[in-house]
Amino acid sequence: MRIKRLELGNLGDWKNVGEGVYELRMTFGSGYRVYFAGEGDRMVIILGGGDKSTQAKELINAQALWRAYKNEIERFLRDF
């Protein structure tokens, strides 16, 4: 349901966690987290998620994925 709300532009409870990555926070269950970043005005890229117990590891992974994505886009545009 939370992802569906994203599609409608409703981010709900979120915060900036650095390097262009954001965290959706869900306060039920184990404290679920979904990491995402934005591309342009309309696209949201889901980078991963987990619960409070894996938060530190998942955040590092999400930031690394976002850096890799941006590097590939830059390389593509440069080589295009």
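These figures come from a predicted structure and were not determined experimentally. (Residues numbered from 1 in each chain as written. Predicted model: local features only at pLDDT ≥ 70, side-chain atom pairs only at ≥ 80, totals over all residues. Heavy atoms only, no water.)

> Just checking my understanding: could you explain the layout of surface pockets for this structure?
Once rolled over the atoms, a probe with the size of a water molecule shows which space is left empty. If you add up the space inside the largest pocket, you get close to 230 Å³. What lines the largest pocket is a set of 16 residues, and nearest its centre among them are Leu6, Asp41, Arg42, Met43 and Val44. Mapped onto the lining of the largest pocket, the elements with two or more residues apiece are helix 1 (2–7), strand 3 (33–39) and strand 4 (43–50). A class-by-class count of the residues in the lining of the largest pocket yields 10 nonpolar, three polar and three charged. (1 Å grid on protein atoms, 1.4 Å probe; cavity = no way out; pocket = protein on both sides within 12 Å on 5 of 7 lines; lining within 4 Å. Points joined across faces, edges and corners; volume = space filled by probe spheres on them. Helix = DSSP H or I, 4+ residues; strand = E, 2+ residues; numbered from the N terminus. Nonpolar A, V, L, I, M, F, W, Y, C, P; charged D, E, K, R; others polar.)

> Which parts of the structure should I look at to understand the side chain of Glu58?
Looking at the secondary structure, you find Glu58 in helix 2 (residues 55–79). Leave out the neighbours within four places in its chain, and Glu58 touches Tyr35, Gly49 and Gly50. (Contact = heavy atoms within 4.5 Å.)

> For this particular structure, what's the right way to read the pattern of salt bridges?
Side chains carrying opposite charge are able to pair once their charged atoms draw close together. One pass over the structure, following the stated rule, counts seven salt bridges. In this structure, Asp13 engages Arg25 in a salt bridge whose closest nitrogen and oxygen atoms are separated by 2.7 Å. With a gap of 12 residues between them, Asp13 in the loop between helix 1 and strand 1 (14–18) and Arg25 in strand 2 (residues 21–25) connect regions that are remote in the sequence. Using a relative accessible area of 32% as the deciding quantity, one classes Asp13 as partly exposed. Notably, a salt bridge pairs Glu72 with Arg75, separated by 2.7 Å at the nearest N-O pair. With Glu72 and Arg75 both in helix 2, this residue pair falls three residues apart, about one helical turn. Note on Glu72: relative accessible area 43%, which makes it partly exposed. Residue classification places Arg75 among the partly exposed residues on the basis of a relative accessible area of 39%. (Salt bridge = Lys/Arg side-chain N within 4 Å of Asp/Glu carboxyl O. Buried < 20%, exposed > 50% of the residue type's maximum accessible area, 1.4 Å probe, protein only.)

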